[in-house]
2 protein chains.
Amino acid sequence: MRGESLKGHLDLLVLAVLADGPLHGYAIIEALRERSGQAFDLPEGTVYPVLHRLERAGRLASDWDASTGRRRRTYRLTGPGRGVLEVERAAWNEFVTAVGRVVQGPAWNPI
Amino acid sequence: MRGESLKGHLDLLVLAVLADGPLHGYAIIEALRERSGQAFDLPEGTVYPVLHRLERAGRLASDWDASTGRRRRTYRLTGPGRGVLEVERAAWNEFVTAVGRVVQGPAWNPI
DNA sequence: CCCTCATACCTAGTATTTCTAGGTATGAGA
DNA sequence: TCTCATACCTAGAAATACTAGGTATGAGGG
């Protein structure tokens, strides 16, 4: 699946995978792939800029892990980031409901 | 709700409302608002360019309705457009499933 | 030892899509 | 007559993901 459908929702996905514990960038890409059942195989050029943006916005914080020779930057959710995650989760649910109503047609009646 | 979350999905919504019969542009905007339960209140500057794009792509066709003094351009789904709608409906369902898996967390198990 | 591949990070520029902010014009109702 | 809803349109701005590059380490095979 092309991540283009993701426009506007990738922040939610990144925050969601980090809600279960810190991960470094590359591991976030793998987590998105695995947790989505291979649906989201996002290029690094998509994910790294998102992480930088989320960190600038104060939703993530990062530390360089120098324990191995290979440099790794580990991201974690901040307090505000966790709040934003909950807001975005709720917004996602509303969005899905709204699209569903339109797509199912006017005859469709969820109860 | 801001239509920004729609990025990449608005085509599906427009095709879906036209699946139940032709409508002119302004009525499409109203149909999206009503069928979504007021969630999508899209500016004309968003919808008209989409209609033009979908027509250029052969998914919609339009006729000018000169019956009233007020000019109206009525859009209808073409054969290929109906096929695209089905493809996009399926893609939407996969997308929702994939996002759901990521957002619910790894412990979540749908059966 | 060398070569390749997976890991791990990054950025600049491009493409696409929606929104903002205007513009024009008709018809209905106060 | 004046205002508002209807009804169409476009140009440029903003946001966001992708492409296509770049650098460097570590593991494993030949």
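Scroll up a little and you will see the structure.
Residues numbered from 1 in each chain as written. Chains lettered and ligands numbered in written order. Predicted model: local features only at pLDDT ≥ 70, side-chain atom pairs only at ≥ 80, totals over all residues. Heavy atoms only, no water.

Caption draft 1: Representation of the overall build of chain A. On a plain count of helices and strands, chain A comes out with four helices and three strands. Along chain A, helices (α) and strands (β) appear in the sequence α-β-α-α-β-β-α when read from the amino end. Out of the 111 residues belonging to chain A, those deemed buried represent 41%. A separation threshold of at least 6 residues defines the contact pool for chain A, and within that pool the share at least 24 residues apart is 45%. When the accessible surface of chain A is summed, it comes to about 6100 Å², and 49% of that surface belongs to carbon and sulfur atoms. Chain A carries 15 positive and 13 negative side-chain charges, and their two centres are separated by 2 Å. (Helix = DSSP H or I, 4+ residues; strand = E, 2+ residues; numbered from the N terminus. Buried < 20%, exposed > 50% of the residue type's maximum accessible area, 1.4 Å probe, protein only. Contact = heavy atoms within 4.5 Å. Areas by Shrake-Rupley, 256 points an atom, 1.4 Å probe, with all protein chains shown as cover. Lys, Arg positive; Asp, Glu negative; His and termini not counted. Charge placed at Lys NZ, Arg CZ, Asp CG, Glu CD.)

Caption draft 2: Molecular detail of the protein's contact with DNA strand C. Near DNA strand C there are 28 residues, and of these Tyr26, Glu44 and Arg72 of chain A together with Thr46 and Arg70 of chain B occur at the shortest range. Among all atoms of DNA strand C positioned within 4 Å of the protein, those belonging to sugar or phosphate total 70%. In the model, a phosphate oxygen of DNA strand C is placed 2.4 Å from a nitrogen or oxygen of the Tyr26 of chain A main chain. With respect to DNA strand C, the side chain of His52 of chain A contributes an N or O atom lying 3.2 Å from a phosphate oxygen. (Near = heavy atom within 4 Å. Polar contact = N/O pair within 3.5 Å; in protein donor to acceptor, adjacent residues only side chain to side chain.)

Caption draft 3: Representation of the interface of chain B and chain A within the structure. Facing 29 residues of chain B, the contacting portion of chain A comprises 29 residues. With both chains or domains summed, chain B and chain A bury close to 2500 Å², and 75% of this area falls on carbon and sulfur atoms. By the criterion of area lost to chain A, the three top residues of chain B are Arg35, Val102 and Val103 of chain B, representing 25% of everything that side buries. Scanning the region where chain B abuts chain A turns up zero salt bridges. Applying the counting rule to chain B against chain A returns six residue pairs in polar contact (both at pLDDT 80 or more). Residue assignment for the side of chain B that touches chain A shows that the elements contributing at least two residues are α1 (10-18), α2 (25-35) and α4 (79-104) of chain B. Considering every element that reaches the side of chain B that touches chain A, the biggest residue donor is α4 of chain B, with 10 residues. A per-class count over the side of chain B that touches chain A returns 17 nonpolar, five polar and seven charged. (Buried area = accessible area lost by both parts, 1.4 Å probe. Salt bridge = Lys/Arg side-chain N within 4 Å of Asp/Glu carboxyl O. Nonpolar A, V, L, I, M, F, W, Y, C, P; charged D, E, K, R; others polar.)

Caption draft 4: Spatial organisation of the protein's contact with DNA strand D. Of all residues adjacent to DNA strand D, which total 28 residues, the nearest are Thr46 and Arg70 of chain A together with Tyr26, Glu44 and Arg72 of chain B. Considering DNA strand D, the proportion of its atoms within 4 Å of the protein that are sugar or phosphate atoms stands at 69%. Between DNA strand D and Lys7 of chain B, the relevant distance is 3.4 Å, taken from a base nitrogen to a side-chain nitrogen or oxygen of the residue. Gly25 of chain B places a polar main-chain atom, nitrogen or oxygen, 3.4 Å from a phosphate oxygen of DNA strand D.

Caption draft 5: Spotlight on the relation of the copies chain B and chain A. Take chain B, turn it by 180°, move it 0.0 Å along the axis, and it overlays chain A with an RMSD of 0.0 Å. The transformation relating the two chain copies, once decomposed into turn and shift, fits a two-fold axis. Judged by C-alpha distance, Lys7 of chain B is the residue of chain B that lies nearest the rotation axis, at 2.8 Å. (Least-squares fit on C-alpha atoms with pLDDT ≥ 70 in both.)

Caption draft 6: Structural view of the sheet that holds strand β1 (residues 23-24) of chain A. Residues and elements named next belong to chain A. A sheet is described by the order of its strands in space; here three strands give the open sequence β1-β3-β2, paired in antiparallel fashion. Each edge of the sheet is formed by a strand with only one pairing partner; in this case those strands are β1 and β2 (60-65). Relative to strand β3 (residues 72-77), β1 is paired through two bridges, and the arrangement is antiparallel. If you follow Leu23 over to β3, its bridge partner there is Tyr75. (Pairing = 2+ DSSP bridges.)

Caption draft 7: The environment of Gly100 of chain A, seen in detail. Along the chain, Gly100 of chain A turns up in helix α4 (residues 79-104). Separated by 12 residues in the primary sequence, Gly100 of chain A and Glu88 of chain A place their C-alpha atoms 18 Å from one another.

Caption draft 8: Representation of the sheet that holds strand β2 (residues 60-65) of chain B in the model. Taken in spatial order, the three strands make up an open sheet running β1-β3-β2 (chain B), and their pairing is antiparallel. Two strands lie at the open edges of the sheet, namely β1 (23-24) and β2 of chain B, each paired on one side alone.

Caption draft 9: Local environment of the nonpolar core. Among the nonpolar cores identified, the biggest contains 62 residues, and Phe40 of chain A together with Phe40 of chain B are the most heavily contacted of them. Ignoring any residue separated from it by four or fewer positions in sequence, one finds Phe40 of chain A in contact with Met1, Leu6, Leu13, Leu32 and Arg33 of chain A together with Phe95, Ala98, Val99 and Val102 of chain B. (Core = buried A, V, L, I, M, F, W, Y, C linked by side-chain atoms within 4.5 Å.)

Caption draft 10: Structural detail: unusual backbone geometry. All names here are of chain A. At Gln38, a residue that is not glycine, the phi angle is positive and equals roughly 70°. Mapped onto the elements of the fold, Gln38 is located in the loop between α2 (25-35) and α3 (44-56). The class of Gln38 is exposed, set by a relative accessible area of 54%.

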